[in-house]
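Understanding the architecture of this molecule
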Amino acid sequence: MNSELYVLPLVVRIERAAPPERTDALEAAAMAVLSLLDDPGEWAAELHAWQSTGKIRKVVRRARGAEWRRAVALPGRTVEHRTAEVRVHPPVPLDGWPRDLARLQVGGTELSDTADPPPAEPPILWANPELAMSAGKAMAQAGHAAQLAWWASDAAERDAWRARGLAVSVRTAASPGDFDAMVAAGLPVVRDAGFTEIEPGSCTFVADAPWLKGRVARS
């Protein structure tokens, strides 16, 4: 196992005049992570170094205007999803961020939904309704959930998912009871390391799809 800690940088575009919808940003972040997992291209070595640590840490930063243009000029891949734009960059050592990414702010990702999102389709990444998370934190957690779902899917399931554009739906569970039932159902569950905002070990997201039920060890 690689002893050096790597992190996956994600940058969300938040312009003052036209911030994205929160749900769109969360789904775009998950899809950006899936895009890199499915096709790392020239960043296969960086992806391997990141995953070989045994951790899948992600950090979301925000950018607008010239900041966004500088981020886009760096190696990476942008996912555009309805109102949101999220750029995923190749994994970097925790202390080795490119300068134009390191200078971006982590805070200030308070987004909201001004309209109901379209009907959800699987895989659905369900957020824990008992946890309050900033949009940036929730984007990272949704990315974790998508990654766990990808790992739990077999080749045929990944092919079908790819044919749908690696789409995901992100929603908040209707009640704590509903969320707890999914946690106990053998679905991929994100348990947070507790670096920011919430207590270590908290279950933040569950990835739900017909093919994922019973796929992982039950809690």
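Provided above is the structure to which this section pertains.
So, here is what we can say about the structure in this document.

Cut-off values and rules
Residues numbered from 1 in each chain as written. Predicted model: local features only at pLDDT ≥ 70, side-chain atom pairs only at ≥ 80, totals over all residues. Heavy atoms only, no water. Axes fitted to C-alpha atoms, helices over the stretch in contact; angles between N-to-C directions. Helix = DSSP H or I, 4+ residues; strand = E, 2+ residues; numbered from the N terminus. Parallel < 35°, antiparallel > 145°, perpendicular 65-115°, else oblique. Contact = heavy atoms within 4.5 Å. Nonpolar A, V, L, I, M, F, W, Y, C, P; charged D, E, K, R; others polar. Phe/Tyr/Trp six-rings, centres within 6.5 Å; stacked < 30°, edge-to-face > 60°. Buried < 20%, exposed > 50% of the residue type's maximum accessible area, 1.4 Å probe, protein only. Salt bridge = Lys/Arg side-chain N within 4 Å of Asp/Glu carboxyl O.

On to the packing of helix α5 (residues 135–152) against helix α6 (residues 155–163), then. Between α5 and α6, whose axes approach to 8 Å, the crossing angle comes to 130°. Viewed along their axes, α5 and α6 adopt a mutual orientation that is oblique. Of the residues in α6, those in contact with Ala146, Ala149, Trp150, Trp151 and Ala152 of α5 are Glu157, Arg158, Trp161 and Arg162. Grouping the constituent residues of the contact of α5 with α6 by class yields six nonpolar, no polar and three charged.

Take the packing of aromatic side chains next. The full count for this structure, using the stated rule, is two aromatic pairs. Each ring, one from Trp150 and one from Trp161, has its centre 5.6 Å from the other, and the planes form 55°; the classification is tilted. With a gap of eleven residues between them, Trp150 in helix α5 and Trp161 in helix α6 connect regions that are remote in the sequence. In this structure, Trp150 and Trp161 share a single accessibility class: buried.

Scanning all chains against the criterion turns up twelve salt bridges. A salt bridge links Arg13 to Glu85; its shortest N-O distance comes to 3.0 Å. With Arg13 in strand β1 (residues 6–13) and Glu85 in strand β4 (residues 84–88), this residue pair connects regions lying 72 residues apart in the sequence. Assessed through its relative accessible area of 28%, Arg13 is described here as partly exposed. Where Arg162 meets Asp159, a salt bridge forms, and the shortest distance between an N and an O atom there is 2.6 Å. Here Arg162 pairs with Asp159, and both are found in helix α6, just three residues apart, close to one helical turn. On the accessibility criterion, Asp159 (44% relative accessible area) is partly exposed.

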